[in-house]
Amino acid sequence: MNNTTAYLYSDGEYSIFSFGNVKLKFLTSKNLEKYINVKEWDNGYLVVTKKNIGKSEQEDYIDLQPILENLYMDPEKFYRPIKKVEVRYV
């Protein structure tokens, strides 16, 4: 596993952002089928392509900043080593 790559995937209506030994699990749409790819990573802000059930692929945006702040984590410290984010289903 690359120590500068984070991973994004979904599990039902939850999204999981994983980096190192940290997994951020957050509620997303119950219609989310899967993430296709990560188009952009900008220090906590993701532009992704996703597929919703019964819909065509579309662009979506995820902001991790409020999630980390609610967990009393230092966003800048968490983001610093992440160079890219990939979609990876286990």
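In this report, the structure presented in the accompanying data block is examined. All values derive from a computational prediction rather than experimental measurement. (Residues numbered from 1 in each chain as written. Predicted model: local features only at pLDDT ≥ 70, side-chain atom pairs only at ≥ 80, totals over all residues. Heavy atoms only, no water.)

### What about the overall build of the chain?
Here is the rule: Only DSSP runs of H or I covering at least 4 residues are called helices, and only runs of E covering at least 2 are called strands; the numbering of each starts at the N terminus. Radius of gyration here uses only the C-alpha atoms, and the compact-globule reference equals 2.2 Å multiplied by the residue count raised to the power 0.38. The rule is simple: take the accessible area with a 1.4 Å probe, protein chains only, and divide by the maximum for that residue type; under 20% is buried, over 50% is exposed, in between is partly exposed. Here, residues are in contact when the closest pair of their heavy atoms is within 4.5 Å. What sets the accessible areas is the Shrake-Rupley method with a 1.4 Å probe; for residues, cover comes only from the shown protein chains.
Of the regular secondary structure elements, the chain holds two helices and seven strands. For the chain, the sequential pattern of α-helices and β-strands runs β-β-β-β-β-β-α-α-β. Taken against the 2.2 N^0.38 rule, which gives 12 Å for 90 residues, the C-alpha radius of gyration of the chain at 13 Å falls within 12% of a compact globule. Along the longest, intermediate and shortest principal axes, the C-alpha atoms of the chain span 40 × 25 × 20 Å. Residue burial in the chain is summarised as follows: out of 90 residues, 37% are buried. Within the chain, contacts between residues separated by at least 24 positions form 37% of all contacts whose residues are at least 6 apart in sequence. On the chain, roughly 5,800 Å² of surface is accessible, and the fraction owed to carbon and sulfur atoms is 46%.

### Quick word on the nonpolar core
Basically, it comes down to this: Take the buried residues of types Ala, Val, Leu, Ile, Met, Phe, Trp, Tyr and Cys, join any two whose side-chain atoms come within 4.5 Å, and each joined set is a nonpolar core.
Core analysis: the biggest nonpolar cluster contains 19 residues, and F17, L46 and V85 have the highest contact counts within it. Those elements that place two or more of their residues in this core are β1 (5–11), β2 (14–19), β3 (22–27), β4 (32–42), β5 (45–52) and α2 (75–79).

### Side note on the sheet that holds β4
Going by this rule: Pairing between two strands requires that DSSP report at least two bridges joining them. Only the stretch in contact is used when fitting a helix axis, every axis being a line fitted to C-alpha atoms; angles between N-to-C directions are given from 0 to 180 degrees.
Across the sheet, which stays open at both edges, the three strands sit in the order β4-β5-β6 with antiparallel pairing between neighbours. A single partner strand is all that each edge strand has here, and the edge strands are β4 and β6 (57–63). Across the sheet, the mean angle separating the axes of adjacent strands is 30 degrees when strand polarity is ignored. Where β5 and β6 come together, seven bridges link them in antiparallel fashion. Note on β6: the bridge partner recorded for T49 is E59.

### Quick notes on the side chain of T5
Relative to the elements of secondary structure, T5 occurs in strand β1. Using a relative accessible area of 2% as the deciding quantity, one classes T5 as buried. Those residues in contact with T5, other than ones at most four positions away along the chain, are F19, K84 and E86.

### Quick notes on the sheet that holds strand β7 (residues 84–87)
Overall, mixed pairing links the four strands, which are arranged β3-β2-β1-β7 in an open sheet. Taken across any chain shown, the strands that pair with only one partner, and hence form the sheet edges, are β3 and β7. Ignoring strand direction, the axes of neighbouring strands in this sheet form an average angle of 20 degrees.

### Re unusual backbone geometry
Residues other than glycine seldom take positive phi values, yet N43 does so here, at roughly 45 degrees. Tracing the backbone through its elements, the reader meets N43 in the loop between β4 and β5. Although it is not a glycine, Y72 adopts a positive phi angle of roughly 55 degrees. Checked against the element boundaries, Y72 lands in the loop between α1 (65–70) and α2.

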